[in-house]
Amino acid sequence: MKDMEKRLENIYKGIEKILSLQSDLDNTNKKLKADNQELIAKIKAFESQLTKTREDGVAIQLEKQKQNTHQNKEINHKIDELLSEVERCITLLKK
C-alpha cells in the first residue's frame, strides 16, 4: 500500500510540476504576444516613415529637375542672345 501511495504522490508531484511549467509557458506566451504587437506597431511606424521619406525624395528630385530645367532655359536664352550679338557684330564688320 505504501508503494501505491508513493507512486500516487510522485504522480501528483509530476502533475503539479507540469501545471507549473504550463503556467510559465502561458505567461511567456502572453509576454511574447505583447512584445510581438509592440514590434508590429514599430514596423508599421517605420514603414510609414519610409514611405514618407521616399515621397519626400521624389518631391525633391522633381523640384531639382524643375530648377535644372529652368536654369537650362535661362542658359540657352543667354547663349541665344550672345549668338545674336555675335551675328550682329559679324554683320557690322562685313560692312
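This structure is a prediction, so every number in the text was calculated from the model and none was measured. (Residues numbered from 1 in each chain as written. Predicted model: local features only at pLDDT ≥ 70, side-chain atom pairs only at ≥ 80, totals over all residues. Heavy atoms only, no water.)

A. A look at the overall build of the protein chain. In terms of helices and strands, the protein chain carries one helix and zero strands. In terms of C-alpha radius of gyration, the protein chain reaches 40 Å, well past the compact-globule figure of 12 Å for 95 residues. Buried residues in the protein chain amount to 0% of all 95 residues. Surface summary for the protein chain: the accessible area is close to 9,300 Å², and the carbon and sulfur share equals 60%. Across the protein chain, the mean location of the 19 positive side-chain charges is 1 Å away from that of the 17 negative side-chain charges. (Helix = DSSP H or I, 4+ residues; strand = E, 2+ residues; numbered from the N terminus. Rg over C-alpha atoms; globule rule 2.2 N^0.38 Å. Buried < 20%, exposed > 50% of the residue type's maximum accessible area, 1.4 Å probe, protein only. Areas by Shrake-Rupley, 256 points an atom, 1.4 Å probe, with all protein chains shown as cover. Lys, Arg positive; Asp, Glu negative; His and termini not counted. Charge placed at Lys NZ, Arg CZ, Asp CG, Glu CD.)

B. View of a nonpolar patch on the surface. Together, Met 1, Met 4, Leu 8, Ile 11, Ile 15 and Leu 19 make up an exposed nonpolar region whose accessible area comes to about 670 Å². One can find Met 1 in the segment before α1 (2-94). The class of Met 1 is exposed, set by a relative accessible area of 78%. (Patch = residues over 30% accessible without salt bridge, like charges linked within 9 Å, V, L, I, M, F, W, Y side chains within 5 Å. Salt bridge = Lys/Arg side-chain N within 4 Å of Asp/Glu carboxyl O.)

C. Region of interest: the pattern of salt bridges. Counted according to the given criterion, the structure contains five salt bridges. Two residues, Lys 31 and Asp 35, come together in a salt bridge whose shortest N-O distance is 2.9 Å. In this pair, Lys 31 and Asp 35 are both assigned in helix α1, four residues apart and thus about one turn of the helix distant. Residue class for Lys 31 comes out exposed when judged on its relative accessible area of 52%. Residue classification places Asp 35 among the partly exposed positions, given a relative accessible area of 29%. Close ionic contact of Glu 85 with Arg 88 constitutes a salt bridge, the shortest N to O distance being 2.7 Å. Here Glu 85 pairs with Arg 88, and both are found in helix α1, just three residues apart, close to one helical turn. Assessed through its relative accessible area of 48%, Arg 88 is described here as partly exposed.

D. Quick look at the environment of Asn 27. Assignment of secondary structure puts Asn 27 in helix α1. Its relative accessible area of 45% is what places Asn 27 among the partly exposed residues. Distance from Asn 27 to Lys 6, taken between C-alpha atoms, is 31 Å for residues 21 residues apart in sequence.

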